[in-house]
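Each chain, letter by letter, is given below.
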Number of protein chains: 2
Amino acid sequence: MSKIVLIGSGNVATHIGTALHSAGHTILQVFSKTPTSAKLLADKVQSTFTTEIKMLDSNADVYIIAIKDDAINELVQEMPNVSGIVVHTSGTQPMQVLETCCKRTGVFYPLQTFKKEVKINLKTVPFCIEGSDNDVINELRKLASSISDVVETINSEDRAMLHLAAVFACNFTNHLLAVSKDICDSSKLPFSLLNPLINQTIENALTHDPVKVQTGPAVRRDENIMKVHLEKLKNSEDYYNLYKLISSSIINLNKNNERKL
Amino acid sequence: MSKIVLIGSGNVATHIGTALHSAGHTILQVFSKTPTSAKLLADKVQSTFTTEIKMLDSNADVYIIAIKDDAINELVQEMPNVSGIVVHTSGTQPMQVLETCCKRTGVFYPLQTFKKEVKINLKTVPFCIEGSDNDVINELRKLASSISDVVETINSEDRAMLHLAAVFACNFTNHLLAVSKDICDSSKLPFSLLNPLINQTIENALTHDPVKVQTGPAVRRDENIMKVHLEKLKNSEDYYNLYKLISSSIINLNKNNERKL
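Conventions we followed
Residues numbered from 1 in each chain as written. Chains lettered and ligands numbered in written order. Predicted model: local features only at pLDDT ≥ 70, side-chain atom pairs only at ≥ 80, totals over all residues. Heavy atoms only, no water. Contact = heavy atoms within 4.5 Å. Buried area = accessible area lost by both parts, 1.4 Å probe. Salt bridge = Lys/Arg side-chain N within 4 Å of Asp/Glu carboxyl O. Polar contact = N/O pair within 3.5 Å; in protein donor to acceptor, adjacent residues only side chain to side chain. Helix = DSSP H or I, 4+ residues; strand = E, 2+ residues; numbered from the N terminus. Nonpolar A, V, L, I, M, F, W, Y, C, P; charged D, E, K, R; others polar. Pairing = 2+ DSSP bridges. Axes fitted to C-alpha atoms, helices over the stretch in contact; angles between N-to-C directions. Parallel < 35°, antiparallel > 145°, perpendicular 65-115°, else oblique. Expected span 1.5 Å × (residues − 1). Buried < 20%, exposed > 50% of the residue type's maximum accessible area, 1.4 Å probe, protein only. Disulfide = S-S within 2.5 Å. Right-handed = clockwise from strand over helix to strand, strands pointing away. Least-squares fit on C-alpha atoms with pLDDT ≥ 70 in both.

S.K.: Can you help me understand the interface of chain B and chain A in this one?
M.R.: Often, the extent of an interface is quoted as the loss of accessible area upon association of its parts. Contacts between chain B and chain A engage 87 residues on the former and 87 residues on the latter. Regarding the contact of chain B and chain A, the summed buried area is about 9100 Å², with carbon and sulfur atoms giving 71% of it. At the boundary of chain B and chain A, one finds 0 salt bridges. There are 20 residue pairs in polar contact (both at pLDDT 80 or more) connecting chain B and chain A. Mapped by element, the contributors of at least two residues to the side of chain B that touches chain A are α5 (156-186), α6 (195-207), α7 (223-232) and α8 (237-256) of chain B. Ranked by the residues each element gives to the side of chain B that touches chain A, the list is headed by α5 of chain B, at 28 residues. Each residue belonging to the side of chain B that touches chain A can be placed in one class, and the counts come to 47 nonpolar, 28 polar and 12 charged.

S.K.: I tried to follow the sheet that holds strand β2 (residues 26-31) of chain B on my own but got confused; where do I start?
M.R.: Sheet strands associate in pairs through backbone hydrogen bonding, adopting either a parallel or an antiparallel arrangement. Residue and element names in this part refer to chain B. Pairing is mixed across the open sheet formed by 8 strands, whose spatial order is β3-β2-β1-β4-β5-β6-β7-β8. This sheet does not close on itself; its edge strands, each paired only once, are β3 (48-50) and β8 (151-153). Going across the sheet, the axis of each strand differs from the next one's by a mean of 25 degrees, ignoring polarity. Here strand β4 (residues 62-65) runs beside strand β5 (residues 85-88); their pairing, made up of 4 bridges, is parallel. Its bridge partner being in β5, I64 is matched across the sheet by V87. With respect to the sheet, helix α2 (residues 35-44) is in contact with β1 (3-7), β2 and β3, its orientation differing from that of β3 by roughly 160 degrees.

S.K.: How do you make sense of the side chain of T201 of chain B when you look at a structure like this?
M.R.: Tracing the backbone shows T201 of chain B in helix α6. Discounting chain neighbours no more than four positions away, the residues touching T201 of chain B are T113, C170 and N174 of chain A.

S.K.: I keep staring at the packing of helix α7 (residues 223-232) of chain A against α5 of chain B and nothing clicks. Help me out?
M.R.: Angle between the axes and distance between the axes are the two parameters that describe a pair of packed helices. At a minimum axis distance of 11 Å, the contact between α7 of chain A and α5 of chain B shows a crossing angle of 100 degrees. Between α7 of chain A and α5 of chain B, the angle is such that the two are roughly perpendicular. The residues of α5 of chain B that touch α7 of chain A, namely those facing I225, H229 and K232 of chain A, are A160, M161, H163, L164 and V167 of chain B. Of the residues contributing to the contact of α7 of chain A with α5 of chain B, the split by class is 5 nonpolar, 2 polar and 1 charged.

S.K.: Help me understand helix α1 (residues 11-22) of chain A in this model?
M.R.: Owing to its 3.6 residues per turn, the α-helix aligns residues three or four sequence positions apart on the same side. Its 12 residues give α1 of chain A an end-to-end C-alpha distance of 17 Å, which sits within 8% of 16 Å, the value for a rise of 1.5 Å per residue. Those residues of α1 of chain A lying buried are A13, T14, H15, I16, G17, A19 and L20 of chain A.

S.K.: What am I meant to see in the state of the cysteines here?
M.R.: What makes a disulfide is a covalent bond joining the sulfur atoms belonging to two cysteines. Enumeration over the complete set of coordinates arrives at 0 disulfides over all chains. C170 of chain A supplies the cysteine sulfur nearest to C184 of chain B, a cysteine that is in no disulfide, at a spacing of 10 Å. By relative accessible area, which is 1% here, C184 of chain B ends up buried.

S.K.: Looking at this structure, how should I read the environment of V97 of chain B?
M.R.: All names here are of chain B. As for its position among the elements, V97 is in the loop between β5 and β6 (105-110). Note on V97: relative accessible area 18%, which makes it buried. In sequence terms V97 and I246 are 149 residues apart; their C-alpha atoms lie 36 Å from each other. Contact partners of V97, with chain neighbours within four places excluded, come to I72, N73, V76 and H88.

S.K.: In this structure, what is going on with the pairing of strand β2 (residues 26-31) of chain A? I would like to understand it.
M.R.: Along a regular strand, successive side chains alternate from one face of the sheet to the other. Residues and elements named next belong to chain A. β2 sits mainly inside the fold: 5 of its 6 residues count as buried. Pairing geometry for strand β1 (residues 3-7) and β2, over 5 bridges, is parallel. Of the residues in β2, the one forming a bridge with V5 is Q29. One crossover worth recording links β1 to the parallel β2 by way of α1, and it is right-handed. In terms of strand pairing, β2 meets strand β3 (residues 48-50) through 3 bridges, oriented parallel. Opposite Q29, over in β3, you have T48 as the bridge partner. Once the chain exits β2 it traverses helix α2 (residues 35-44) before rejoining the sheet at β3, and the crossover so formed is right-handed.

S.K.: Help me understand the sheet that holds β2 of chain A in this model?
M.R.: Residues and elements named next belong to chain A. Taken in spatial order, the 8 strands of this open sheet run β3-β2-β1-β4-β5-β6-β7-β8, and their pairing is mixed. Either end of the sheet is taken by a strand with one partner, and the two such strands are β3 and β8 (151-153). Across the sheet, the mean angle separating the axes of adjacent strands is 25 degrees when strand polarity is ignored. Most of the contacts of helix α4 (residues 134-145) go to strand β7 (residues 127-131), to which it runs at about 160 degrees, and overall it touches β1, β4 (62-65), β5 (85-88), β6 (105-110), β7 and β8.

S.K.: Any chance you could explain unusual backbone geometry here in plain terms?
M.R.: Leaving glycine out, the prevailing phi sign among residues is negative, and the prevailing peptide bond configuration is trans. If you check the backbone angles, K188 of chain A has positive phi at about 55 degrees while not being a glycine. On the basis of relative accessible area, K188 of chain A is assigned to the exposed category, the value being 75%.

S.K.: Where do I start with the relation of the copies chain B and chain A in this structure?
M.R.: One copy of the chain maps onto the second through a rotation around an axis plus a translation along that axis. Expressed as a screw operation, the relation of chain B to chain A combines 0.0 Å of axial shift with a rotation of 180 degrees, fitting to an RMSD of 0.1 Å. Interpreted geometrically, this transformation is the action of a two-fold axis. Looking at the rotation axis and the C-alpha trace of chain B, the residue lying nearest is T173 of chain B, at 2.7 Å. Residue by residue, 100% of the interface of chain B is reproduced at the interface of chain A, so both copies engage with the same surface.

In structure tokens:
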């Protein structure tokens, strides 16, 4: 079992911290600049907390930095040198940003979207691990395996590609659902009517190759329907352009029958 | 219980026909120009079949046309006049395309994506009903209710908007998953790593307003990450343009905090 310091008290720190605590690890300390938030998480994981980075406990095996990407660099500059492993939980930041504060660095990236109020079963969440040497990798894999069944060693470059893939599959997908809901709202149609169709679409795409299960007017080259649809979208430049561009991208991907990247 | 003629023997005809047969209705006849396909479905639903439109059984209560959108018009011209209700199952064709062949027309549109080999529980699939008069609407609602728990009366205009919303939520969403898989493939990363993230994203979007649960670099206005991502996509014009346009659409939808249509 490891001694852990959590740096950050947001969604990711909360989910990972409580899971590690439940798995039997000792959370020594929570650091956050916001005292109420630090105390809240510290209470959950039965640890102390501090709002002063200089007061960071020096006895931890692992320091988990779970703060916004653009705040990591500044934090690392202010952090006292520690002998434990220091990891961040970011999808895009390279491991190297941690080098100024310590020798043993790593990445502990959970491939999931977190909201404090939504319970997540971490057991099925893939943890992407990177480490400055094999010992670090092994320690981090062991730590991740104590809370998840899916642990992968992935370097910074591949992790960045995975994050880019996640932006398309999740952030962008969510936006299309927002557009779809907006179209329903404009005709006072309940968006929930689409639920079975959306769930079936995702199931088909995840159990088959999504290129092969593509349906709809674009892949059928049904120009009449596409014209009718574009006419309905002419008052929204964004939606009109999205419809045109995604349709042509569907046609191109299927025409070439070859991948584009 | 109704007497039904199925016109078409593809995915939709097969799913609806077998469900109606199981619910106790009598399938009098299957019509399809392809004899093997017609026989296959006829055997499943214990009916006769024909490949000659002139031989259509005249004793049915309901004729269900489940063929490609652009073939409906031609078929209707060739169809003998019948006294039963004639419906199509299309998301976009207006009910009026059926008027040349009969007086009692309607729409029987299942809001789902069908593949013959994938079992679908029709009970949860919304059926969108339209009818040329109240009697027709009532008969079609009764028929739909015998195979589904979700039956809605929706006019042609609203049905077309629902279909447009479905294109964004399903066809376009599937394409983004195809792009995401392509990005994973290009780095030899297993696309399946994203499964828990994708499933959670869809669950969040369907249980909350997708605008409110939007995450990712665009909504955070994280220009640094977006630049890094665009750089990685510079060899694929389609993906580069998709990333730029969807990101700016996310920013616009959240900036205005108002719907765009």
